[in-house]
Amino acid sequence: MIESVDDHFVRRVRAWQAGEPVGRRPGPASGDPAVTDAELTDLFAAQLMSRHLDLAARDLQASGEGFYTIGSAGHESNAAVAMALRPSDPALLHYRSGGFYCARAAQVEGTDPARDTLRSLMASADDPISGGRHKVFGHPDLAVVPQTSTIASHLPRAVGLAFAHERAHALGLPDDWPADAVVVASLGDAGLNHSTAVGALNAAAHAAHQGVPLPLLVVVEDNGLGISVRTPAGWTEAVVARLGGRSTLAAYAAYATYTADGADPLGTLSTARAAVAGVRASRRPAILHLRTVRFMGHAGSDAEVAYRSAREITADHDRDPLLATAAELVRRGVRSPAGVLAAYETERSRIAALRAGLVPTRRLATVAEVAAPLRRRDDEPARRLALAVAADRAERFRGRLPEAAGPLTLAQSLTAALTDLLAAHPGGVVFGEDVGVKGGVYGVTRGLRRAFGAARVFDTLLDEQTILGTALGSALAGLLPIPEIQYLAYLHNAEDQLRGEAATLAFFSNGQYANGMVVRIPGLAYQRGFGGHFHNDNSLAVLRDIPGIVVGVPSSAAEAPGMVRALAGMALAEGRVCVLVEPIALYHGRDVTKGDGAATARYAAPEGWADTLADRDEGRLHRTTAGGDPGGDVLVVTFGNGVAMTRRALATLALQHRACPLPPFTSAQLLPSTPQQLCRSEQGGLDLPARVDLYDLRWVAPLPADHLAHTAHGYAAVLVVDETRRSGGVSEGVVTALVDHGYRGTIRRVTSEDSVIPLGPAADAVLLAEPDIVAALGRLVPARADWTRTSRPMEPR
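Residues numbered from 1 in each chain as written. Predicted model: local features only at pLDDT ≥ 70, side-chain atom pairs only at ≥ 80, totals over all residues. Heavy atoms only, no water.

1. Side note on the sheet that holds strand β1 (residues 91-92)
Strand pairing in a sheet takes place through backbone hydrogen bonds and is either antiparallel or parallel in direction. With parallel pairing, the five strands of this open sheet are ordered in space as β1-β2-β3-β7-β6. Each edge of the open sheet carries a strand with a single partner, namely β1 and β6 (256-261). Of the strand pairs in this sheet, strand β2 (residues 183-188) and strand β3 (residues 216-222) are connected by six bridges, and their pairing is parallel. Paired with V184 across the strands is L217, a residue of β3. Against the sheet, helix α9 (residues 265-282) contacts β3, β6 and β7 (286-291), and its axis sits at roughly 165 degrees relative to β6. (Pairing = 2+ DSSP bridges. Helix = DSSP H or I, 4+ residues; strand = E, 2+ residues; numbered from the N terminus. Contact = heavy atoms within 4.5 Å. Axes fitted to C-alpha atoms, helices over the stretch in contact; angles between N-to-C directions.)

Laid out in C-alpha cells, this is it:
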C-alpha cells in the first residue's frame, strides 16, 4: 500500500516532534535573510489551504458533490510567485496553480479563496467566477483571468495582453492595471511542447527583439509528467536555455531566464522576486523554470501506479513543498513541529466545515441559465456605439469624404467603414500580415496606417495564433481589436484561439470578462488567376458551431459598411467575438452583369447610417416586384457570392424562356423593381408566370432563423444556393432551420462539392456555378402548376 502524501506529511512532522532531525536546508546553508518569518508563514498558509482544497476535492467527488479533481498538490511552491507579484498584476493560471491563487487572494481583503474554490469544484451556481460552469481559477478583484484550456492555449492571449497593456498606455488609453504591471502566465512542462506554446514564446521573443515592450513572466511548472508521458530528463532546462539565448538562435536571447526548486522555499521566493523585478523594470519577457512534483496522479481518475513504480511515487514525497516550508519554519523557530501539525489539522477542519456548509448547493439547471453569458445582448448600447461619428472625421479622410466619391466597390466601402470606425473609437487597432505599410493584399487597409499611425495599424509576424492571441489580449486591455487573417484557409491552424479561448471567456467568467473583437477574414472562392485551396477556401463549418460568436458575410458594397458597424457595436457593448468573412472575388468588381455597375454602391453619410445598420436578427429580402406583401413561388436563400450569382442565373433563366432581359438594378435592391415573368417558350417549359425573390442571409452564424422562416412561409418553394461544401455547409443549417420552424413547402439546395479546391480551371468542376442555379430553378419553376400553397405566413418564434 503506497502511503498517501497526506499521511506522509503527518508522519514526518510527528517524527520531528519525536526528536528526528528536520534535515539540512536546501540551497545556501544560511538561507535567504531577505525572506522574513512573516513571509514564510504566509507562504505556508497559502500552501496549506491549497493542499486541503485538493484533498477536499477528492472527498467531494466521492460523495457525489464534486466534479473536478485535477489538483495542485506538489505544485504549491507557485504560491511564492504570487507573493513576488502585486495583486494588480494580471494572471492567467495553469490548472495546478492553486497555491498561487490562495496566496494572491491573501493580498486582497474581503476575498475567500477557499469558499470560492469549493463552490467551483462543486459546480455551484454561486461560484463567484464561472457561476457553476467550470472549475477555474479566476476573480476580477484579484486580476486573475480565468483559463480552462491551459495546455498552452492561453499563452497567445498572455503575450497579447502584455503587448496590448503597454500599447494601451502608450495611446493614452490606460487599462484596468497600473502602467508598470507585469503579466504572468503559468503552464506545465508538457504544455511547453505544444505548438501553441512554441508560437507564443517565439512571438514574445520576436517583439522583444525589436524593442517592443512586453512585460511577461512565463512560469513553467515542471513536474516531469504529462499525465503518464515523461518529459525527457533535461529537456525543459534545454528549452529554457534556448529561450535565454544559450543556443545558435540568437533571437531567443530576448528572454531572461530563472530556475527555482519548489522544494526550496527560500530559494523559490528569492528567485521569483528577482524574475518579477527584472520584468517590471525592463518591460521584457522572462521565463521562470519552477521544478515541482505531482501528487495524487493527474486527476482522481488517474491510477498512476499503472505507469509509475511505488518507489518513484513515494520518493517524490520527500520533495513535498509543504514539508519543505514547514521544515524551514521549524529551523527558524517560528513554529514547533506540534505547531505545524496543529496548523495543518486546523486547516483541514476549516475546509471540511466550509465544505459541509455548502451542501446542498444550487446548480445551473436550464439552458437559459447555462447559456446566459453567451446570449446576453445589449442592443441599444451596441447600436449607439455602432453609429458613433468622429468629430475629426473630415480630417481623417483628408477632406475626401467617401460619401462624395461616387459608387464604391466592396473593398473601397470596407476601407471607408474601417476608417470611420477607427476615427470614432480611439481604442480601435488594426493588425495582421501585410495590413500596415502595404495596406493589405487586396488594398482594404490601404491608407489606414497613414491616417492613424503605426501604433494603431501595424503588421504582425506570420502566425495566425499570434494574431488572434494579440486580439484576445488587446480586448482584455480595453482596446477594440480588428485583426485580419489573410485568407480563410489560414484560420484553421489557429481556430482554437477563437473556439477554445475567445468564445469561452465570457462563459467561464459568467460575463465578468469578455474579449470583443471584429476578425476580418478575406475568403471564399471564385478568384480568377490566383487560386488553389489556400486562396479559395470555401469552408465556413469551423466557424459556424462556436457558441456565442457572430459571423457575417457581406454580399455587396451596399451591405458591408452597415455590417462592419453592427459587428463593432456588438464587440464594444457586449464583448462579442465577431467575424466578417469578406468574399475576395467581390472586392474589386463593379458589375454583376456586364456594364451594369451594380456591384458598387454609394457610401452613406453619417446621417444615413441608422438606415443601413445591419440587424443581426435579419437577412435582407430582395423582391422582384414593387409593393404588396412578400411572397411568391420560389424564395432563393443565399449569401456572399451567391447573391450576384443568383442574380445572373435569374437573368439567364429569363432569357432562356424568352422573357425580357432583366434590367439593371442598384445595390440597394438587387432584383429589378418591375414585374418580370418567366414565360413558356415555343419549345415548352414554363406554363405560368413565376415569382422568384431572393433572400440574402448576411449572417451565417447564428443564422437569422426566425426572420428567414417567417419570410419563407410566404413562398411555395425554397432553393438554397450555397457556395460552401455540401457536407457541413451553410445550406445544412438553413434547411434545418426551415424544417424546425415548420416550413411545409418544397426545399431544394445547390452547393459546391465535397472537395478541396484545385488550382486553375479544374476548380470549376467542384464549385457551385450559375448553370447549377439555373438548372435548379428550372426544375422548380415547371413544377409550379402542380404546387398547392401549403405554406402560410407565420409569426417569428
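2. Let's talk about a negative patch on the surface
Judged by side-chain charge, E732, E753, D754 and D772 come together as a negatively charged surface patch. Look at D754 and you get partly exposed, because its relative accessible area is 46%. (Patch = residues over 30% accessible without salt bridge, like charges linked within 9 Å, V, L, I, M, F, W, Y side chains within 5 Å. Areas by Shrake-Rupley, 256 points an atom, 1.4 Å probe, with all protein chains shown as cover. Salt bridge = Lys/Arg side-chain N within 4 Å of Asp/Glu carboxyl O. Lys, Arg positive; Asp, Glu negative; His and termini not counted. Charge placed at Lys NZ, Arg CZ, Asp CG, Glu CD. Buried < 20%, exposed > 50% of the residue type's maximum accessible area, 1.4 Å probe, protein only.)

3. So, the sheet that holds strand β18 (residues 715-725)
Strand order in the open sheet formed by five strands is β14-β16-β15-β18-β19, and the pairing between neighbours is mixed. Looking at which strands have only one partner, the edges of the open sheet turn out to be β14 (620-622) and β19 (746-752). Going from strand to strand, the sheet's axes swing by 20 degrees on average, the running direction of each strand aside. The sheet contact formed by β18 and β19 spans seven bridges and is parallel. Its bridge partner being in β19, R725 is matched across the sheet by S752. Of the strands in this sheet, β15 (632-638), β16 (692-696), β18 and β19 are in contact with helix α26 (residues 770-780), which crosses β18 at around 160 degrees.

4. Topic: the nonpolar core
Formed by 88 residues in total, the largest nonpolar core has its most connected members in L491, L498, L540, L543, V579, L697 and V734. The next biggest cluster of nonpolar side chains, apart from the first, holds 69 residues, and it includes L40, L93, L288 and L358. (Core = buried A, V, L, I, M, F, W, Y, C linked by side-chain atoms within 4.5 Å.)

5. So, the packing of aromatic side chains
Using the criterion set out here, one finds nine aromatic pairs in the structure. Centre to centre, the rings of Y487 and Y490 are 5.3 Å apart; their planes meet at 75 degrees, and the pair counts as edge-to-face. Look at Y487 and you get buried, because its relative accessible area is 3%. Seen in terms of ring centroids, Y490 and F534 are 6.1 Å apart; in terms of plane orientation they differ by 50 degrees. Their pairing is tilted. Residue Y490 is located in the loop between β10 (480-484) and α19 (496-508), and its partner F534 is located in the loop between β11 (517-523) and α20 (541-544); the two are separated by 44 residues in the primary sequence. Through successive ring pairs, a cluster of aromatic residues spans Y442, Y487, Y490, F534 and Y587. Against the face of F137 rests K135, its NZ or CZ located 3.5 Å from the ring centre. (Phe/Tyr/Trp six-rings, centres within 6.5 Å; stacked < 30°, edge-to-face > 60°. Lys NZ or Arg CZ within 6 Å of the ring centre and 35° of its normal.)

6. Observations regarding the pairing of β16
Counting buried positions along β16 gives five out of five residues, so the element sits mostly inside the fold. Of the two faces of β16, the one carrying V692, L694 and D696 and the one carrying D693 and Y695 are both buried. With three bridges joining them, β14 and β16 adopt antiparallel strand pairing. Counted as the bridge partner of R620 is D696 from β16. With five bridges connecting them, β15 and β16 associate as parallel partners. Its bridge partner being in β16, V634 is matched across the sheet by V692.

7. Notes on the confidence of the model for the protein
With 91% of its residues at a pLDDT of 70 or more, the protein has an overall mean of 91. Between residues 659-689, whose pLDDT stays under 50, and residues either more than four places distant or in other chains, the model counts 76 contacts. Counted against residues more than four places away or in other chains, residues 783-797, with its pLDDT under 50, gives 33 contacts. (pLDDT = per-residue confidence, 0-100.)

8. Section: unusual backbone geometry
Note that the residue after V359, namely P360, is joined by a cis bond; omega there is 0 degrees. Position of P360 relative to the elements: it lies in the loop between α12 (337-357) and α13 (367-375). Even without a glycine there, the phi angle at A143 is positive, about 55 degrees. The residue A143 is located in the loop between α5 (113-121) and α6 (155-170) in this model. The class for A143 is buried, based on a relative accessible area of 4%. The backbone phi angle of D434 is positive, close to 70 degrees, even though this residue is not glycine. Relative to the helices and strands, D434 is located in the loop between β8 (428-432) and α17 (448-452). D434 gets classed as partly exposed once you look at its relative accessible area, which sits at 33%.

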